[in-house]
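Observations on the three-dimensional arrangement
Each chain, letter by letter, is given below.
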Amino acid sequence: MPTPTRMLRLDASANPAESASKQLGDRLLRQARAVNGDLELRQRDLNQGLSFIDPSWVGANFTPADARDDAQRERLALSDELIDELVWADHIVLTTPMYNFSVPATLKAWIDLVCRAGVTFRYTPEGPVGLLGGKRVDIVITTGGVPLDSPVDFLSGYLRQIFNFIGLTDVNIVGADRMNVDADASFDSAIGQIEQSYPAAA
Ligand SMILES: Cc1cc2nc3c(=O)[nH]c(=O)nc-3n(C[C@H](O)[C@H](O)[C@H](O)COP(=O)(O)O)c2cc1C
């Protein structure tokens, strides 16, 4: 039997019960399942249980791994867990709204916890090199009024850069932008993009 694709699903909307980005993520998942067959799924709501980095976290992170004390190891435990999930996954699906032209704070907290020198990227004389690779990343983005790829979209390019930075370059962005202008048209356009990304077998 072929091994199932390991999918990590991350949702960032602060309003998950009514989230358009999350609904589109569900749709993408169904479509990916229809095309790829078996998926082993792990899911994380980024509103739950994340914390911001602080001096004790930074201190622990910059202490060499073999010199960390128990408290420092404990301080990095959540970050380790989030990185382990990324390493585990073959396929990452992230859903997020645009908040104030960029990422929700919970998603930024996740980013700060997973971008770790020596673990997910390393510095070289030629510049930083990502240490993860070989994973597909789908990002579903919703916005109220801002068109994606416009000069005030500080979200889609930023997320692409973050994933590239840790070595994940196969990044596909599905956008339902300008939901406040014509929600149905935005939603339909995003579904079209999903169907194009995962064309049903003929
Ligand atoms: C706190 C907050 C900030 C927002 N900032 C922006 C913004 O800067 N630009 C924009 O186009 N929409 C903005 N929106 C609208 C959301 O991006 C839009 O409603 C989106 O569809 C919400 O996605 P969701 O239903 O998955 O939560 C904002 C919404 C909230 C709640």
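Keep in mind it's a predicted model, so treat the numbers as computed, not measured. The residue numbering used here restarts from 1 in each chain and proceeds along that chain's sequence as written. Restriction of local features to residues with pLDDT of at least 70 applies here, the model being predicted, together with a cutoff of 80 or more for giving and counting side-chain atom pairs; totals for whole chains, interfaces and linings are based on all residues. The side-chain figures draw on all heavy atoms in the structure; neither hydrogens nor water molecules are used.

Take the sheet that holds strand 1 (residues 5–11) next. One open sheet accounts for 5 strands, arranged 2-1-3-6-7; its pairing is parallel. Edge positions in the sheet fall to strand 2 (39–45) and strand 7 (170–176), since each has one partner strand and no second. Recorded for the sheet is a direction-independent mean angle of 15° between the axes of neighbouring strands. Criterion used throughout: strands pair if DSSP finds at least two bridges between them. The secondary structure listing takes helices from DSSP runs of H or I that are at least 4 residues long and strands from runs of E that are at least 2 residues long, numbered from the N terminus. Sheet topology places strand 3 (residues 91–97) next to strand 6 (residues 136–142); 7 bridges connect them, and they run parallel. Bridge pairing in strand 6 places I92 opposite V137. A contact between two residues is defined here by any heavy atoms of the two lying within 4.5 Å. Lines are fitted to the C-alpha atoms to define the axes, a helix being fitted only along its stretch in contact, and any angle between axes, read from their N-to-C directions, falls within 0 to 180 degrees. On the sheet, helix 4 (residues 77–88) packs against strand 1, strand 2 and strand 3 and is oriented at approximately 150° with respect to strand 2.

Looking now at the pairing of strand 3. Counting buried positions along strand 3 yields 7 of 7 residues, so the element is predominantly enclosed. Burial along strand 3 is two-sided: H91, V93, T95 and P97 and I92, L94 and T96, pointing in opposite directions, are all buried. Pairing analysis gives 5 bridges linking strand 1 to strand 3, with the strands arranged parallel. Counted as the bridge partner of L8 is I92 from strand 3. Throughout this description, buried means an accessible area under 20% of the type-specific maximum (1.4 Å probe, protein chains only), exposed means over 50%, and partly exposed covers the range between.

The values are spatial; any link to function lies outside them.
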